[in-house]
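Fold and geometry: a report
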Amino acid sequence: MHDPDPLPLSALQHWAYCPRQCGLIHLEQAFDDNLHTQRGQAVHAQVDQPGVEERKGLRIERALPVWSDALGLIGKADVVEFEPDGTPYPVEYKHGSRHKAADIAACDDVQLAAQAMCLEGMTGRTVSEGALYYASSRRRRIVPVTAALREQVAQTVQAVRAMLTSASLPPPTQDVRRCKGCSLRDRCQPEALGRLRSADFGTAPFDPDA
């Protein structure tokens, strides 16, 4: 029995945001653009070209491939700043402002922590924190890589693998804020599924435009 293919790091962020979104992208290979995804692509275009530079005593690497055999993950870190002793500090670029709702911002934290855990395995150095850089506010938000966040990464990996193994698409999250910003809303059809559920259980239908 061969080991399962490594998961892309992005799948963890997608699952944390909405399991159904993750399923549509990584199970059904579906993806659509909207204004949010186009802005995200524009932000990443700035850092997606591999390169190395020295600045203020730091070695800065862009578009650095990262992986973890232990976690079964593979991906690319937007920016990694290496301290003089070789300790890595991942910086993930996101569009928008750092003043996101806490639960939605936490989705980005999972992806960043997974990068940190990959870098630990690659370098043998402990990565205690990283940062998310939000293009609209041009500010960083520091993210401590805590034991709780590491456990969330491990649980998310297990959940995504279970979904892929079962080939079962998760139900819609039925979260108005997340549905409104999702480029896959038309494919997901949370309104139609919400109407079916309301008919079955006698509840008010879910309306992402409410």
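Residues numbered from 1 in each chain as written. Predicted model: local features only at pLDDT ≥ 70, side-chain atom pairs only at ≥ 80, totals over all residues. Heavy atoms only, no water.

1. Some points on the overall build of the protein
Each helix and strand in the protein was counted, giving 8 helices and 7 strands. Counting only residues that meet the buried cut, the protein has 45% of its 210 residues in that class. Sequence-distant contacts, at least 24 apart, represent 61% of the contacts inside the protein between residues at least 6 apart. Working note: accessible area of the protein is about 11200 Å², and carbon and sulfur atoms make up 51% of it. (Helix = DSSP H or I, 4+ residues; strand = E, 2+ residues; numbered from the N terminus. Buried < 20%, exposed > 50% of the residue type's maximum accessible area, 1.4 Å probe, protein only. Contact = heavy atoms within 4.5 Å. Areas by Shrake-Rupley, 256 points an atom, 1.4 Å probe, with all protein chains shown as cover.)

2. Regarding the packing of aromatic side chains
Here the structure, examined in full by the defined rule, presents 1 aromatic pair. On the numbers, 4.8 Å between centres and 40° between planes, the contact of Y93 with Y133 is tilted. Highlighted residues: Y93 in strand 5 (residues 88–94) and Y133 in strand 6 (residues 129–134), separated in sequence by 40 residues. Just above the ring of F82 sits the side chain of R59; from NZ or CZ to the centre is 4.2 Å. The side chain of R178 reaches across the aromatic face of Y17, ending 5.5 Å from its centre. (Phe/Tyr/Trp six-rings, centres within 6.5 Å; stacked < 30°, edge-to-face > 60°. Lys NZ or Arg CZ within 6 Å of the ring centre and 35° of its normal.)

3. Focus: helix 4 (residues 102–123)
For helix 4, which comprises 22 residues, the first-to-last C-alpha distance of 31 Å matches the rise-based estimate of 32 Å (1.5 Å per residue) to within 8%. Of all 22 residues in helix 4, 16 are buried, a share of seventy percent or more. Two residues or fewer after helix 4 comes G124, characterised by a positive phi angle close to 75°. (Expected span 1.5 Å × (residues − 1).)

4. Examining the environment of R185
Summarising the element assignment, R185 is placed in helix 7 (residues 185–188). As for R185 and P172, which are separated by 13 residues in sequence, their C-alpha atoms are 9.6 Å apart.

5. Comments concerning the pattern of salt bridges
Taken as a whole and assessed by the stated rule, the structure comprises 12 salt bridges. For E53, the salt bridge identified is with R62, shortest N-O distance 2.4 Å. Of the charged contacts, one joins E92 and K94 as a salt bridge, the two residues approaching to 3.8 Å between their closest N and O atoms. On the accessibility criterion, E92 (3% relative accessible area) is buried. Three or more residues joined by partner-sharing salt bridges are found here, namely D103, D175, R177 and R178. (Salt bridge = Lys/Arg side-chain N within 4 Å of Asp/Glu carboxyl O.)

6. So, the environment of V176
The residue V176 is located in helix 6 (residues 176–180) in this model. By relative accessible area, which is 27% here, V176 ends up partly exposed. Sequence-wise, V176 and P190 are 14 residues apart; in three dimensions their C-alpha atoms are separated by 9.8 Å.

7. Quick look at the nonpolar core
When a protein is soluble and globular, its nonpolar side chains tend to lie buried together. In this structure, L12, V66, L73, V153 and V160 are the most contacted members of the largest nonpolar core, which totals 31 residues. Broken down by secondary-structure element, the contributors of at least two residues to this core are helix 1 (9–17), strand 3 (58–68), strand 4 (73–82), helix 4, strand 6 and helix 5 (147–166). Top contributing element to this core by residue count: helix 4, with 8 residues. Not counting residues within four places of it along the chain, the set of residues in contact with V160 comprises L7, A11, L12, W15 and C22. (Core = buried A, V, L, I, M, F, W, Y, C linked by side-chain atoms within 4.5 Å.)

8. Quick look at the pairing of strand 2 (residues 51–55)
Judged from the 5 bridges that link them, strand 2 and strand 3 form a sheet pairing that is antiparallel. When the bridges of strand 3 are listed, G51 appears paired with R62. Counting the residues that bridge the hairpin from strand 2 to strand 3 gives 2 residues, and of these K56 lies at a positive phi of roughly 50°. (Pairing = 2+ DSSP bridges.)

9. Thoughts on the packing of helix 1 against helix 2 (residues 19–26)
Between helix 1 and helix 2, whose axes approach to 5 Å, the crossing angle comes to 140°. Taken as axis vectors, helix 1 and helix 2 run oblique relative to one another. Along its contact with helix 1, which presents S10, A11, H14, W15 and Y17, the element helix 2 presents P19, Q21, C22, I25 and H26. Of the residues that constitute the contact of helix 1 with helix 2, the class distribution is 6 nonpolar, 4 polar and no charged. (Axes fitted to C-alpha atoms, helices over the stretch in contact; angles between N-to-C directions. Parallel < 35°, antiparallel > 145°, perpendicular 65-115°, else oblique. Nonpolar A, V, L, I, M, F, W, Y, C, P; charged D, E, K, R; others polar.)

This is a description of form; function is not addressed.
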